[in-house]
Amino acid sequence: MDSVSSTSAIFAAPPSLSSSFYSLSTAQPSLTFLHRMNPRRMEPLRASQVDAAASAAAKPKEAKLWGGRFEESVTDAVERFTESISYDKKLYKHDIMGSKAHASMLAQQGLITLNDRDSIIEGLNEIERRIENGEFNWRTDREDVHMNIEAALTDMIGEPAKKLHTARSRNDQVLTDFRLWCRDAIDKILKSMKHLQVSLVTLALKNDGLIVPGYTHLQRAQPVLLQHLLLAYVEEIERDAGRLVDCRARMNFCPLGACALAGTGLPIDRFMTSDALGFTAPLRNSIDAVSDRDFVLEFLSANAITAVHLSRLGEEWVLWASEEFGFITPSDSVSTGSSIMPQKKNPDPMELVRGKSARVIGDLVTLLTLCKGLPHAYNRDLQEDKEPVFDSVKTILGMLEVSAEFALNITYNRERIQKALPAGHLDATTLADYLVKKGVPFRTSHDIVGRAVALCTSKNCQLLDLSLDELRSINPVFDEDVYEFLGVENSIQKFSSYGSTGSACVATQLDYWIKKLEIN
């Protein structure tokens, strides 16, 4: 066959359904078509290749563990579309943990023998070993993590494995696994949050006494201690941690034994399995047990709020690292360069923290949208709850880790910051407080200081530079002691309210966090 005729053969008009192109009974490509599409220069397929293709086409599919009433296997397209093993195999450890507890309960209640229980647990231990050593064969045709493990257990130990699913459904099984996984994930996130808090407090301790401009509306407002600003983020993360602790407490109830939705007539002990798995108690309502995704929504909501806080921290550090601010210099170990501009040094990790917050927020929106239209009890839509959770957890852990790393690898440029402090009349509010202490109503004080600032603007000077006569020309209430309130250093010392940026207040806050976080 020459090149022209072979091309014509491949790209000819589609044959009719009655042609040899497809067999209606098997929907498999004919040998003629396989011959045409053989990539080895259109050479005919070898006999071994033909036999292998025919064998694969004829090989019957494994019967599903739920397939007793079915006469046909699902199509390949349906199998590919409905499988979840590609991502829910992450739950293997928790699935095995739940199955061990369930088997022990079944034996305790006389629903299986002690020998059956021991065989099941021994087999599950071996499966867990194989998985962790990379020796386990995950099969898409077995749909999900639960069916893969149960089918493998049946292959391994035979009849006793068939008793394991007594008095449970995949509905309560998957939710038990998922709650256990989320519980462990929260514990990991809490550890990462503490590490970031320690990093921020360590950074604060390294910058004792450093005054920086405080901003509102991104405009110069009042002077603050840098330590005070950093501790603001520590406080935010503490609230983030509190939300996760609360979420974990509400999450920690056991669905196992709720079965598909209505429970079971078999004499199971749900309190026994709940205790064995470290849950607070079984969920009271079996329908709610398999329907509930509040624990996931709350978890993702807590992650999303944390992501927003980290994004704001990232935004501040990106701004402060810019040439316009120049307040911080990240070390080379947490910076990247430009492929075209050799002078560039970019704070990319914190830009990505800012960017990845969108993923975590999106994961929450995905779950909210997924759940909003579902009737009660289990619906297959809920299979889609896992990937957003896995993504949210992976992303938030990465954001926390790199934020802590960045905090430990930046330097605040004291000289640049001190040169920037005079701009913006940061001591104006302290001057208003001075007048209030002199008995002037605050609104009047506000007006007087506003006029003093206007005078400074016209003279291109600071409030501290105004003479006493110039101040008295605005209002005679001013006296020599006014200069104890002017300048950022004096201003900082005048803050004394609980939680303020005054040196003594900030020292108290630092001491609290050093003790709470057990920092040496």
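Naming follows an unreviewed UniProt entry, where the protein chain appears as argininosuccinate lyase of Lupinus luteus. Annotation of the protein chain in UniProt includes, under Sequence similarities (unreviewed entry), the sentence "Belongs to the lyase 1 family. Argininosuccinate lyase subfamily." One UniProt comment on the protein chain, placed under Catalytic activity (unreviewed entry), says "2-(N(omega)-L-arginino)succinate = fumarate + L-arginine".

**Quick look at the overall build of the protein chain**
A tally of regular secondary structure across the protein chain gives 22 helices and 6 strands. Partitioning the intrachain contacts of the protein chain with sequence separation of at least 6 by distance along the chain shows that 73% fall at a separation of at least 24.

**Some thoughts on the packing of helix 18 (residues 428-437) against helix 19 (residues 442-459)**
In the contact formed by helix 18 and helix 19, the axes pass within 9 Å of each other and the chain directions differ by 135°. Taken together, helix 18 and helix 19 sit at an angle that is classed as oblique. Our pair here, helix 18 against helix 19, has a crossing hand that is right-handed. Only Phe-442, Ser-445, Ile-448, Val-449 and Val-453 of helix 19 make contact with helix 18, whose side of the interface consists of Ala-428, Leu-431, Ala-432, Leu-435 and Val-436.

**Some words on unusual backbone geometry**
The backbone of Glu-143 shows a phi angle near 70°, a positive value even though the residue is not glycine. Tracing the backbone through its elements, the reader meets Glu-143 in the loop between helix 7 (114-132) and helix 8 (145-157). On the basis of relative accessible area, Glu-143 is assigned to the buried category, the value being 7%. Even without glycine at this site, Cys-259 takes up a positive phi of about 60°. Inspection of the secondary structure puts Cys-259 in the loop between strand 3 (253-254) and helix 12 (270-276).

**Quick notes on the pairing of strand 1 (residues 211-216)**
One ladder, built from 6 bridges, connects strand 1 with strand 2 (residues 219-225); its direction is antiparallel. When the bridges of strand 2 are listed, Val-212 appears paired with Val-224. Linking strand 1 back to strand 2 in an antiparallel pair, the connection comprises 2 residues, with His-217 at a positive phi of about 60°.

**Let's talk about the nonpolar core**
Counting residues in each nonpolar core, the largest one holds 95 residues, and the members touching the most others are Leu-200, Phe-299, Trp-317, Val-389 and Tyr-412. In this structure, Tyr-434, Cys-461, Val-482 and Leu-486 belong to the second largest nonpolar core, which totals 20 residues.

**Details of the pattern of salt bridges**
With the rule as written, the count across this model stands at 30 salt bridges. Between Lys-93 and Glu-132 there is a salt bridge, and its shortest N-O distance comes to 2.5 Å. Residue Lys-93 is located in helix 6 (residues 92-108), and its partner Glu-132 is located in helix 7; the two are separated by 39 residues in the primary sequence. According to the relative accessible area criterion, Lys-93 is partly exposed, its value standing at 33%. In this structure, Arg-170 engages Glu-143 in a salt bridge whose closest nitrogen and oxygen atoms are separated by 3.0 Å. With Arg-170 in helix 10 (residues 170-206) and Glu-143 in the loop between helix 7 and helix 8, this pair connects stretches of sequence that are 27 residues apart. Relative accessible area serves as the criterion here: at 23%, Arg-170 is assigned to the partly exposed category. Sharing partners across several salt bridges, the network here consists of Lys-93, Lys-100, Glu-128 and Glu-132.

**Some details on the packing of helix 11 (residues 226-251) against helix 22 (residues 503-516)**
Packed helices, taken two at a time, are described by the angle between their axes plus the distance between the axes. In contact at an axis separation of 11 Å, helix 11 and helix 22 are set at 40° when each is read in the N-to-C sense. With respect to helix 22, the element helix 11 is oriented oblique. Remark: the crossing between helix 11 and helix 22 carries left-handed chirality. Two secondary-structure elements touch here, helix 11 through Gln-227, His-228, Leu-231, Val-234, Glu-235 and Glu-238 and helix 22 through Val-506, Gln-509, Leu-510, Trp-513 and Lys-516. For the contact of helix 11 with helix 22, the residue count by class is 5 nonpolar, 3 polar and 3 charged.

**As for the environment of Phe-442**
Mapped onto the elements, Phe-442 comes out in helix 19. Among the residues examined, Phe-442 registers a relative accessible area of 40% and is labelled partly exposed. C-alpha of Phe-442 to C-alpha of Ala-432: the two residues are 10 residues apart in sequence and 7.2 Å apart in space. Those residues in contact with Phe-442 that sit more than four places away from it in its chain are Ala-432 and Val-436.

About the cut-offs
- Every chain's residues receive numbers from 1 upward, in the order its sequence appears when written.
- Only residues with pLDDT of at least 70 are given local features in this predicted model, and only at 80 or more are side-chain atom pairs given and counted; all residues enter the totals for whole chains, interfaces and linings.
- Side-chain figures throughout are based on the complete set of non-hydrogen atoms in the structure, without hydrogens or water.
- UniProt positions are given in the numbering used here, feature names are shortened, and annotations may be inferred rather than shown by experiment.
- By definition, any uninterrupted DSSP run of H or I lasting at least four residues is a helix, any uninterrupted run of E lasting at least two residues is a strand, and each is numbered from the N terminus.
- In this analysis, two residues are considered to be in contact whenever any of their non-hydrogen atoms come within 4.5 Å of each other.
- For every element, the axis is a line fit to its C-alpha atoms; helices are fit only across the contacting stretch, and the angle between N-to-C directions ranges from 0 to 180 degrees.
- Angles are sorted into four bins: roughly parallel if under 35 degrees, roughly antiparallel if over 145, roughly perpendicular if 65 to 115, and oblique for all others.
- In a left-handed crossing the near helix is turned counterclockwise from the far helix by less than a right angle, and in a right-handed crossing that turn is clockwise.
- For each residue, the accessible area found with a 1.4 Å probe, counting protein chains only, is set against the maximum for its type, and the residue is called buried under 20%, exposed over 50%, and partly exposed in between.
- Note: two strands are recorded as paired if DSSP finds a minimum of 2 bridges between them.
- Nonpolar cores are built from buried Ala, Val, Leu, Ile, Met, Phe, Trp, Tyr and Cys residues. Side-chain atoms within 4.5 Å join them into one set.
- The term salt bridge refers to a side-chain nitrogen of Lys or Arg lying within 4 Å of a carboxyl oxygen of Asp or Glu.
- Gly counts as polar in this scheme, as do all residues outside two lists: the nonpolar Ala, Val, Leu, Ile, Met, Phe, Trp, Tyr, Cys and Pro, and the charged Asp, Glu, Lys and Arg.

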